[in-house]
Amino acid sequence: MTEVPKAPAYDGESPSRVDSLLESARSGLARLTAEDAARAQRDEGALLVDIRYAALRERDGTIPGALIVERNELEWRLDPTCPHRSPEATGPDLPVVVVCNEGYASSLAARSLQALGLHRATDLDGGFQAWRAAGLPVAPPVALRAEARPTLEP
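Residues numbered from 1 in each chain as written. Predicted model: local features only at pLDDT ≥ 70, side-chain atom pairs only at ≥ 80, totals over all residues. Heavy atoms only, no water.

Caption draft 1: Expanded view of the packing of helix α1 (residues 17-27) against helix α5 (residues 105-115). At their nearest, the axes of α1 and α5 sit 9 Å apart, and the two run at 55° to each other. Comparing their axes, α5 and α1 come out oblique. Two packed elements cross with a definite hand, and for α1 against α5 that hand is left-handed. Between α1, through Leu21, Leu22, Ala25 and Arg26, and α5, the contact on the second element is made entirely by Ser107, Leu108 and Arg111. When grouped by side-chain class, the residues that make up the contact of α1 with α5 number four nonpolar, one polar and two charged. (Axes fitted to C-alpha atoms, helices over the stretch in contact; angles between N-to-C directions. Helix = DSSP H or I, 4+ residues; strand = E, 2+ residues; numbered from the N terminus. Parallel < 35°, antiparallel > 145°, perpendicular 65-115°, else oblique. Left-handed = near helix turned anticlockwise from the far one by under 90°. Contact = heavy atoms within 4.5 Å. Nonpolar A, V, L, I, M, F, W, Y, C, P; charged D, E, K, R; others polar.)

Caption draft 2: Examining the pairing of strand β3 (residues 96-99) more closely. Residues Val96 and Val98 line one face of β3 and the alternating positions Val97 and Val99 line the opposite face, and both faces are buried. The pairing of strand β1 (residues 47-50) with β3 spans four bridges and is parallel. Of the residues in β3, the one forming a bridge with leucine 48 is valine 97. Where the polypeptide runs from β3 across α5 and back to strand β4 (residues 121-123), its parallel neighbour, the crossover connection is right-handed. (Buried < 20%, exposed > 50% of the residue type's maximum accessible area, 1.4 Å probe, protein only. Pairing = 2+ DSSP bridges. Right-handed = clockwise from strand over helix to strand, strands pointing away.)

Caption draft 3: Summary view of a nonpolar patch on the surface. A grouping of Val18, Leu21 and Leu108 is seen on the molecular surface, where their side chains present a nonpolar patch of about 250 Å² in accessible area. Among the structural elements, valine 18 can be located in helix α1. (Patch = residues over 30% accessible without salt bridge, like charges linked within 9 Å, V, L, I, M, F, W, Y side chains within 5 Å. Areas by Shrake-Rupley, 256 points an atom, 1.4 Å probe, with all protein chains shown as cover. Salt bridge = Lys/Arg side-chain N within 4 Å of Asp/Glu carboxyl O.)

Caption draft 4: Seen up close, the sheet that holds β3. Overall, parallel pairing links the four strands, which are arranged β2-β1-β3-β4 in an open sheet. The open sheet terminates on both sides in strands that have one partner only, identified here as β2 (67-68) and β4. Alignment of β3 against β4, held across three bridges, turns out to be parallel. Considered in β4, the bridge of valine 97 is made with threonine 122. Each of β3 and β4 is contacted by α5, which is oriented at about 180° to β4, the strand it contacts most.

Caption draft 5: Highlighting the pattern of salt bridges. Tallied over the full model, the rule gives 11 salt bridges. Measuring nitrogen to oxygen at the nearest pair gives 2.8 Å for the salt bridge that ties arginine 59 to aspartate 60. By sharing partners, the salt bridges in this structure join Arg31, Asp123 and Asp125 into a single network.

The following block contains the structure:
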């Protein structure tokens, strides 16, 4: 049996691997402020894509006009060559602004979309929280009916 090498323990001083990955991802993005994202949506037809999970959307609301795609489905829904794409995934020139809660996961997600050929994909610096703090429009939360909530019970 081949032994898997163990990763070195975190030394508390150097950046963690995920911080390095995030820094690398952001180096290839022209991240947008909340105001710039709103302007891109309004003036350029940019597609804002909210990848936050349901509990956050239920708690805080959503950005009007944003496409809701949870993170685990993002690549399949936005790849214009995929048979499972959303109708909004019109092609590689589509400006896409990925929105997470605070602007971390969205950076990694935007780079993933770029790797799929969506060269204008970027993210919202500060995420949904920055959008709300900027006083931009937020649709009120809509709670799911109890019977519509996911469950592990049969």
